[in-house]
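Remarks on the overall topology
The residues making up each chain are set out below.
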Amino acid sequence: MSELPYDLVYLGIGSAAWLVAALKLRAWRRDPSFGLLVVALAVASPATAFLLASPLLYRTVGRLTGVGNLATLFVYLGIVGFSAAAVVLALVWTPPEERAGTQVWAPLDDRLRQRVRRRTAVFAALVPVLAALFLAGGPYRPETPLTFDTTFAPRTATALFLMLYQGLFAYALVDIGRVCLGHAARLPDGWLRRGIRLIALGALTACGYVLCKIAAIALAHAGVDGAEWLSTALGPAFAALGAIGITCGFAGPAGAAWAVRRRDFRALRPLWDLVYRADRRLALEGPPSPAWRERIALRDLEWRTTRRGLEIRDGQLTLRPFVDPAAVHAAERLAGRASLAPGHRDALVVAAALRSAVTALGTGAVPRPREEQAALPGLDTAPAEERAHLVLVAAYLRSPLLERALEPLA
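Please read these numbers as outputs of a predicted model, since none were measured by experiment. (Residues numbered from 1 in each chain as written. Predicted model: local features only at pLDDT ≥ 70, side-chain atom pairs only at ≥ 80, totals over all residues. Heavy atoms only, no water.)

Description of the overall build of the chain
- On a plain count of helices and strands, the chain comes out with 16 helices and zero strands.
- Computed over its C-alpha atoms, the radius of gyration of the chain comes to 29 Å, more than 25% above the 22 Å expected for a compact globule of 410 residues.
- Considered along the principal axes of its C-alpha atoms, the chain spans approximately 95 × 45 × 35 Å.
- For the chain, the proportion of its 410 residues judged to be buried stands at 48%.
- Restricting the contact set of the chain to residue pairs at least 6 apart, pairs at least 24 apart contribute 77%.
- When the accessible area of the chain is evaluated, it comes to approximately 20400 Å², of which 63% is carbon and sulfur surface. (Helix = DSSP H or I, 4+ residues; strand = E, 2+ residues; numbered from the N terminus. Rg over C-alpha atoms; globule rule 2.2 N^0.38 Å. Buried < 20%, exposed > 50% of the residue type's maximum accessible area, 1.4 Å probe, protein only. Contact = heavy atoms within 4.5 Å. Areas by Shrake-Rupley, 256 points an atom, 1.4 Å probe, with all protein chains shown as cover.)

Structure representation (structure tokens):
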């Protein structure tokens, strides 16, 4: 049987999962929290296990160490690491109804620390037991990256090692699946709810791997032949599907948030260009980047979008003395006739005001004194809603409604 499909599947899933883990670790470095670190470890541990489970790396470990099938121990300890992280994650993940604001992770107080220590102590105590049982069942020759369980299960020490590992894994999968299903049921529809449901679905799907493995190990230990397919085909299929579900569950909400940040960053560019023409001091780091470079922007989007919003606000203050009150009134009347929602009405009015101010500034108009300046909506917008307001203003810069509002003033 060719090992190439197994190499492709295990290396592909392991590499994708490590990419997600790297992104989580990067987020943890920017905003350190115990919960985020646990998430990163919960992804990194099985990612490493999947890489080492590929026949290519599995045989490489045996060749470099001279210990047959040693990679099996590392693979299973990686999954035990995931099991421990998953159990801790279930403890520190605050239920939705108990959250305050944007809080996701429970405060790491003394009570929670004690619970985490008790749970992790069980796994920490069983790691040397697993290693001892594995070594007691050796030596393991030849290398069997795909059939280790059924090949060596007749040995009692090895069978105990395998059953103990599967028991820890099953406990963690059921625990995290239970917690995630409970959380998802109490969350509003959105990417976070979908991601948590995917984690639960992936964890429960991976339980099929455990059942297949336990059955294959028990049959092999009893001397029954012909059940290897449970361990080599059906079990890995459940594991791969479960890993994909868990990885997508962790990556989905983060990817959706990144996509929103990138969309907002690009959407604000027309508005930023407008105010930049009025005050070139806004570009603190030299001339603005070309539009094509922003289309491929991937990094630091939150910081760059926040800075762009602040610079737009500074530009608004620069332009305010040049706003034509007639443009503001025209936009308000048009918004009323079009029955725009309050947020859209404010965005149209601000877009009209800024366009009129840029035009006036370009013609050398004299700034109006403070008592004659038009009062613009949106300046008192809450910080949490400010970005959405500015994105809407940027959208109205290209709206036919804006041209109709400014047409009488042309």
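Now that the structure is up, let's keep going.
Some points on the pattern of salt bridges
- Applying the stated rule across the entire model yields 14 salt bridges.
- With its nearest N and O atoms 2.7 Å apart, the salt bridge here joins Arg59 to Glu3. Remark: Glu3 occurs in the segment before α1 (4-30) and Arg59 occurs in helix α3 (residues 55-65); sequence separation between them is 56 residues.
- When its relative accessible area of 31% is taken as the criterion, Arg59 is described as partly exposed.
- Residue Glu3 is classed as partly exposed on the basis of its relative accessible area, which comes to 23%. (Salt bridge = Lys/Arg side-chain N within 4 Å of Asp/Glu carboxyl O.)

Let's talk about the UniProt feature "transmembrane region" (unreviewed entry) in the chain
- When the UniProt feature table is mapped onto this chain numbering, "transmembrane region" (unreviewed entry) sits at residues 6-23, 35-58, 70-93, 121-140, 152-174, 195-218 and 238-260.
- Helix makes up 87% of residues 152-174 and strand 0%, with an end-to-end C-alpha separation of 27 Å.
- Summarising residues 195-218: 100% helix, 0% strand, and an end-to-end C-alpha distance of 35 Å. (UniProt positions renumbered as here; feature names shortened; annotations may be inferred.)

A closer look at the packing of aromatic side chains
- Considering all chains together, one arrives at 13 aromatic pairs under this definition.
- Through successive ring pairs, a cluster of aromatic residues spans Tyr76, Phe82, Phe134, Tyr140, Phe148, Phe152, Phe161, Tyr165, Phe169 and Tyr209. (Phe/Tyr/Trp six-rings, centres within 6.5 Å; stacked < 30°, edge-to-face > 60°.)

A word on the side chain of Asp346
- The residue Asp346 is located in helix α14 (residues 342-362) in this model.
- Not counting chain neighbours up to four residues away, the residues in contact with Asp346 comprise Pro377 and His389.

Topic: α1
- In a regular helix each residue adds 1.5 Å, so 27 residues correspond to 39 Å; α1 covers 39 Å between its end C-alpha atoms and thus fits that length.
- Buried residues belonging to α1 abut α2 (34-53), α3 and α9 (228-267). (Expected span 1.5 Å × (residues − 1).)

With respect to the packing of helix α8 (residues 191-221) against α9
- The N-to-C vectors of α8 and α9 enclose an angle of 165 degrees; their axes lie 7 Å apart at closest approach. Between α8 and α9, the angle is such that the two are roughly antiparallel. In the packing of α8 onto α9, the handedness of the crossing is left-handed.
- Split by residue class, the contact of α8 with α9 holds 22 nonpolar, 10 polar and one charged. (Axes fitted to C-alpha atoms, helices over the stretch in contact; angles between N-to-C directions. Parallel < 35°, antiparallel > 145°, perpendicular 65-115°, else oblique. Left-handed = near helix turned anticlockwise from the far one by under 90°. Nonpolar A, V, L, I, M, F, W, Y, C, P; charged D, E, K, R; others polar.)

Some points on helix α4 (residues 70-92)
- The first and last C-alpha atoms of α4 sit 34 Å apart over 23 residues, in line with the 33 Å expected at 1.5 Å per residue.
- In terms of residue burial, α4 counts as a mostly covered element, since 20 of its 23 residues are buried.

Quick look at the nonpolar core
- Judged by nonpolar contacts, the single largest core of 76 residues is most densely connected at Leu89, Phe161, Tyr165, Phe169, Leu173, Ile176 and Phe250.
- Considering every element that reaches this core, the biggest residue donor is α4, with 17 residues.
- Within the second largest apolar cluster, 39 residues are counted, among which are Ile312, Ala327, Leu354 and Ala360. (Core = buried A, V, L, I, M, F, W, Y, C linked by side-chain atoms within 4.5 Å.)

A word on the packing of α4 against helix α7 (residues 156-185)
- Packing of α4 against α7 brings their axes to within 9 Å, and their N-to-C directions diverge by 30 degrees. With respect to α7, the element α4 is oriented roughly parallel. As for how α4 packs across α7, the hand of that crossing is left-handed. Where α4 approaches α7, its residues Thr72, Leu73, Tyr76, Ile79, Val80, Phe82, Ser83, Ala86, Val87, Leu89 and Ala90 are matched on the opposing element by Phe161, Leu162, Tyr165, Leu168, Phe169, Tyr171, Ala172, Leu173, Asp175, Ile176 and Val179.

Focus on unusual backbone geometry
- In this structure, Pro139 follows Gly138 across a cis peptide bond, with omega equal to -5 degrees.
- In the segment running from Arg141 into Pro142, the intervening peptide bond is cis, with an omega of 0 degrees.
- You will see that Ser339, though not glycine, has its phi angle at about 55 degrees, which is positive.
- As for its position among the elements, Ser339 is in the loop between α13 (325-337) and α14.

Describing the state of the cysteines
- Applying the stated criterion to the full structure yields zero disulfides.
- Of all cysteine sulfurs, the one in Cys207 lies closest to Cys180, which takes part in no disulfide; the gap is 12 Å.
- Looking at Cys212, it has no disulfide partner, and the nearest cysteine sulfur is the one in Cys207, 11 Å off.
- Given the relative accessible area of 7%, Cys212 is considered buried. (Disulfide = S-S within 2.5 Å.)

A closer look at the environment of Val179
- Mapped onto the elements, Val179 comes out in helix α7.
- Look at Val179 and you get buried, because its relative accessible area is 8%.
- Taking the C-alpha atoms as reference, Val179 lies 46 Å from Ser289; in sequence the two are 110 residues apart.

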